[in-house]
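Residue-level listing of the chains:
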Amino acid sequence: MTAPEIQGKAPIIQLEGVSKHYLQGTQTVRAVDAVSMQIFPGNFVSITGRSGSGKTTLLSLVGGLTSPTAGQVNVFEHPLQSLDDSAISALRAERIGFVFQFASLIPTLTALDNVRLPGLFAEQPVEQSYAAELLDWVGLSEKINNYPAELSGGQQARVSLARALANRPELLLADEPTGNLDVDTEWEMLSLLRDLNLNQNTTILLVTHNPELAQYGDRHLVMQSGGLTESYQWLQAQVAADG
Ligand code: ADP
Ligand code: MG
């Protein structure tokens, strides 16, 4: 049994022959090249691949931050190309959380206000108590009134995760959320993401440069030169489990 068949539900993400090509001078950069994939609600999917293989571009396409040069991106059963910019923004604001490689917090806002920030772009403001609860969950209850510069890199990454969850997203897109921080921070982040996936059933796409971490998803996909495949090790493990 492979992950896609488990649920028998409609995919939360469906890509059909999706490409994103950039023209650089006379060269075509195939950042994402003819990718098809289905991700189902509640999946925890890890993506690894060399730098420049197209991971960030793939996540940007799924989140509607950029549009494909070919193919179809469906998210929550909406074909993104049929939505206008404001409809895509609304989808993002209400149903998707993003954690970027660099925490990208607003330096002049406290941790608490950084977490509440997404509420400015959504119909629903983020309650102070909920923001505090999220910061407590990431282990920062004592830092809610601190500014980003007063936090360590790992703490900033955790604020960034709390902020991504402020809109109670069904789908979380995490692009190397611990950047180049230490291994301990990476494992802490992974354990928070697993908790979220198991207890809130949040669908997670995690880009990580650490293949060891990637073993902990339901699926491990590998990007190479814009193409996407299931990791060989992951398929082997499935065959062993089925046998
Ligand atoms: P990764 O996240 O795996 O490191 P990226 O998705 O950032 O890879 O980039 C994939 C390829 O696409 C790289 O060759 C990169 O230079 C190129 N690329 C990404 N964004 C742009 C852009 N806005 N314009 C031109 N080329 C881009
Ligand atoms: Mg990247």
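Residues numbered from 1 in each chain as written. Chains lettered and ligands numbered in written order. Predicted model: local features only at pLDDT ≥ 70, side-chain atom pairs only at ≥ 80, totals over all residues. Heavy atoms only, no water.

(A) Spatial organisation of the overall build of the protein. Helices and strands together make up the secondary structure of the protein, namely nine helices and ten strands. In summary, the protein has a C-alpha radius of gyration of 18 Å against a globular reference of 18 Å for 243 residues, a match within 12%. Principal-axis analysis of the C-alpha atoms places the extent of the protein at approximately 45 × 45 × 40 Å. Contacts in the protein between residues at least 24 apart in sequence constitute 70% of all its contacts with a sequence separation of at least 6. Total accessible area on the protein stands at roughly 12,100 Å², and carbon and sulfur atoms take up 49% of it. When the 14 positive and 26 negative side-chain charges of the protein are each reduced to one mean point, those points stand 4 Å apart. (Helix = DSSP H or I, 4+ residues; strand = E, 2+ residues; numbered from the N terminus. Rg over C-alpha atoms; globule rule 2.2 N^0.38 Å. Contact = heavy atoms within 4.5 Å. Areas by Shrake-Rupley, 256 points an atom, 1.4 Å probe, with all protein chains shown as cover. Lys, Arg positive; Asp, Glu negative; His and termini not counted. Charge placed at Lys NZ, Arg CZ, Asp CG, Glu CD.)

(B) The side chain of His220, seen in detail. Mapped onto the elements of the fold, His220 is located in strand β9 (residues 219-224). Side chain to side chain, His220 and Thr48 meet in a polar contact 2.7 Å long. (Polar contact = N/O pair within 3.5 Å; in protein donor to acceptor, adjacent residues only side chain to side chain.)

(C) The arrangement of the sheet that holds strand β4 (residues 70-75) in detail. Judged by pairing direction, the sheet is antiparallel, and its four strands sit side by side in the order β2-β1-β4-β5 without closing on themselves. For this open sheet the edge positions go to β2 (27-39) and β5 (78-79), each flanked by a neighbour on one side alone. Both strand β1 (residues 13-24) and β4 contribute to a ladder of five bridges, which runs antiparallel. Counted as the bridge partner of Ser19 is Ala70 from β4. (Pairing = 2+ DSSP bridges.)

(D) How the structure looks around helix α6 (residues 153-164). The terminal C-alpha atoms of α6 lie 17 Å apart, and with twelve residues this matches the ideal 16 Å at 1.5 Å per residue to within 8%. Taken across its twelve residues, α6 has ten buried, putting it largely inside the fold. For α6, the secondary structure elements touched by its buried residues are β6 (96-99), α4 (111-116), α5 (128-137), β7 (171-175) and α7 (183-200). (Expected span 1.5 Å × (residues − 1). Buried < 20%, exposed > 50% of the residue type's maximum accessible area, 1.4 Å probe, protein only.)

(E) Region of interest: unusual backbone geometry. Despite not being glycine, Phe76 shows a phi value in the positive range, around 55 degrees. Secondary-structure assignment places Phe76 in the loop between β4 and β5. Exposure remark for Phe76: the relative accessible area of 9% places this residue in the buried category.

(F) Broad picture of the nonpolar core. Membership of the largest hydrophobic core comes to 32 residues, with the highest contact counts inside it found for Val115, Leu135, Val159, Leu161, Leu172 and Leu193. For this core, the elements supplying multiple residues, two or more each, are α4, α5, α6, β7, α7 and β8 (203-207). What Leu193 contacts, discounting residues up to four positions off in sequence, is Phe44, Leu161, Leu172, Ile204 and Leu206. Core analysis: the second largest hydrophobic core is formed by 29 residues, Val35, Val45, Leu80 and Met223 among them. (Core = buried A, V, L, I, M, F, W, Y, C linked by side-chain atoms within 4.5 Å.)

(G) Inspection of the sheet that holds β7 at higher detail. Ordered by their spatial adjacency, six strands build an open sheet running β6-β7-β8-β3-β9-β10, and the pairing between neighbours is mixed. Bordering the open sheet on either side are β6 and β10 (227-230), each of which pairs with just one other strand. Pairs of neighbouring strands in the sheet enclose a mean axial angle of 20 degrees, with direction left out of account. Bridge count between strand β3 (residues 44-49) and β8: four bridges; the pairing is parallel. Residue pairing in the sheet places Ser46 in a bridge with Leu206 of β8. Relative to β6, helix α3 (residues 85-95) is tilted by about 80 degrees, and along the sheet it contacts β6 and β7. (Axes fitted to C-alpha atoms, helices over the stretch in contact; angles between N-to-C directions.)

(H) Inspection of α3 at higher detail. If you check which residues of α3 are buried, you get Ile88, Leu91, Arg92 and Ala93. Buried residues along α3 sit in contact with β4, β5 and β6.

(I) Inspection of the packing of aromatic side chains at higher detail. Summed over all chains, the structure comprises two aromatic pairs. Seen in terms of ring centroids, Phe98 and Phe100 are 5.6 Å apart; in terms of plane orientation they differ by 5 degrees. Their pairing is stacked. Arranged with centres 5.5 Å apart and planes meeting at 85 degrees, the rings of Trp187 and Tyr216 form a pair that is edge-to-face. Taken together, the positions of Trp187 in helix α7 and Tyr216 in the loop between α8 (211-214) and β9 put the pair 29 residues apart, joining distant regions of the chain. Accessibility expressed as a relative area gives 41% for Tyr216, which makes it partly exposed. The aromatic ring of Phe76 is capped on one face by Arg95, whose charged end is 3.9 Å from the ring centroid. (Phe/Tyr/Trp six-rings, centres within 6.5 Å; stacked < 30°, edge-to-face > 60°. Lys NZ or Arg CZ within 6 Å of the ring centre and 35° of its normal.)

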